[in-house]
Amino acid sequence: MSTVQQAYELAKKQFADIGVDTEQALALLDQLPISMHCWQGDDVSGFEQGAGALSGGIQTTGNYPGKARTPQELRADLDKAVSLIPGKKRLNLHASYLEADHRVDRNEVKPEHFANWVAWAKANNMGLDFNPTYFSHPLSAEATLSHQNKEIRDFWIEHGKACRKISEYFGKELGTASVMNIWIPDGSKDLVVDKFAPRQRLVEALDEIIAEKIDAKYHLDAVESKLFGIGVESYTVGSNEFYAAYAVSRGTALCLDAGHFHPTEVISDKISAVMPFVQHLLLHVSRPVRWDSDHVVLLDDETQAIAGEIIRNQLFDRVHIGLDFFDASINRIAAWVIGTRNMQKALLRALLEPTDELRALENARDFGSRLALLEEQKSLPWQAVWDMYCERHNVPVGRRWLDEVRAYEKTVLSQRV
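All of the points below concern the structure found in this document.

### Notes on helix α10 (residues 332–351)
With 20 residues, α10 extends 29 Å between its outermost C-alpha atoms, agreeing within 8% with the 28 Å of an ideal straight helix rising 1.5 Å per residue. Of all the 20 residues making up α10, 18 are buried; the element is thus mostly covered by neighbouring parts of the structure. Its side-chain oxygen placed 2.9 Å from the backbone nitrogen of isoleucine 333, asparagine 331 serves as the N-cap of α10.

### Overview of the pattern of salt bridges
This model, assessed by the stated rule, comprises 23 salt bridges. Notably, a salt bridge pairs glutamate 168 with lysine 172, separated by 3.5 Å at the nearest N-O pair. On the criterion of helical spacing, the pair formed by glutamate 168 and lysine 172 is a turn pair, its members being four residues apart in helix α5 (residues 150–174). With a closest N to O distance of 2.8 Å, arginine 370 and glutamate 362 form a salt bridge. The class of glutamate 362 is partly exposed, set by a relative accessible area of 39%. Among the charged side chains, a salt-bridge network with shared partners connects Arg69, Glu73, Asp77 and Arg416.

### Thoughts on the environment of methionine 275
With respect to the helices, strands and loops of the structure, methionine 275 is situated in the loop between α8 (268–274) and β9 (281–285). With 40 residues separating them along the chain, methionine 275 and leucine 315 place their C-alpha atoms 9.0 Å apart. With residues up to four places along the chain from it excluded, the contact list for methionine 275 reads Leu281, Leu315, Arg318 and Val319.

### What to know about the pairing of strand β3 (residues 127–131)
Where a strand is regular, its side chains alternate between the two sheet faces. Counting buried residues along β3, five of its five residues qualify, which places the element largely inside the surrounding structure. The side-chain alternation of β3 yields two buried faces, one formed by Gly127, Asp129 and Asn131 and the other by Leu128 and Phe130. Each parallel crossover has a hand, and the one from strand β2 (residues 89–94) via helix α4 (residues 115–123) to β3 is right-handed.

Analysis parameters
Residues numbered from 1 in each chain as written. Predicted model: local features only at pLDDT ≥ 70, side-chain atom pairs only at ≥ 80, totals over all residues. Heavy atoms only, no water. Helix = DSSP H or I, 4+ residues; strand = E, 2+ residues; numbered from the N terminus. Expected span 1.5 Å × (residues − 1). Buried < 20%, exposed > 50% of the residue type's maximum accessible area, 1.4 Å probe, protein only. Polar contact = N/O pair within 3.5 Å; in protein donor to acceptor, adjacent residues only side chain to side chain. Salt bridge = Lys/Arg side-chain N within 4 Å of Asp/Glu carboxyl O. Contact = heavy atoms within 4.5 Å. Right-handed = clockwise from strand over helix to strand, strands pointing away.

Below, the structure is given as structure tokens:
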């Protein structure tokens, strides 16, 4: 028996003493996919021919060597990251990650431009999620779906419609619904007199994009808000209130991004507030530091609180967990592994919580016992259960994954000059 197995057997007994079945927890964890984000591997550059610099408030900081320059390099890097992460995973793509031998404008993207990604996903037994790319384009400089110019607005509407076809294609090919998330950077740097008209135009544009019904077995629409962005500090057309109302009234999924609110706001408390009104919720788990800076996810209080809301309320089929960070100051594969494994650890810790007992104490208004149990269970050996999970999935236990990342950097990433 390995030391990991020995530690697990002891932990299993300790959790059984508080009424928690570790085997059931591990089985449930296997059913909760994390949608990794492709843009961590190449600093949100994408693969459009003739693409310009990042815009729309999108910004990466750092110049750590070895970023992916081609789709092939990005998939190779993803392969390495995926091999170091246990459990069920998905991949989240942006429209700008298309593959074509010529310039394809945003309103002309087609499923065929993502055939290689679908083949890769099939080989890895993973689902794909999708995002229209409403930034880093000459026609996104002022606004997109809320633009005063109808021709520009129509261009971006066509882009949204084309992306829904690609998302549906993913779902049909891979047998799991693709969640397509719409986020736009529209807003203003300074004071705005008429805030209403842009929002009216955005409603009409979104309605046109989602007018064609697509089977939910293959595709789900989601809309994402933001408090502010670089260059739009004073007014964001797609605010939280706007998109919450839109999602409820139109029956779409609502996306909550951990970095898209006031610095002291958290999304964990918002989950139970919106779930009575929306059927599906998309989470973009990130770590804001003073602003929407998309730092690598930590196993911190907020990540744990997000996981707790999902598990305690058994929202397994209604909440879709995606990651959204891009740190160019560290090894990009390490960033994927750290962030994804931390989200999984948070889910596991939530699954190992004696929730039924805690809820019973709460209903009995025995708040002292509730607090005591919440604190005591933090010291239980959840790490031994996590190590067992990694061992069963044949991925490195503990910090040993870092050795593989360093070796890959030496043999592969360092050669990219």
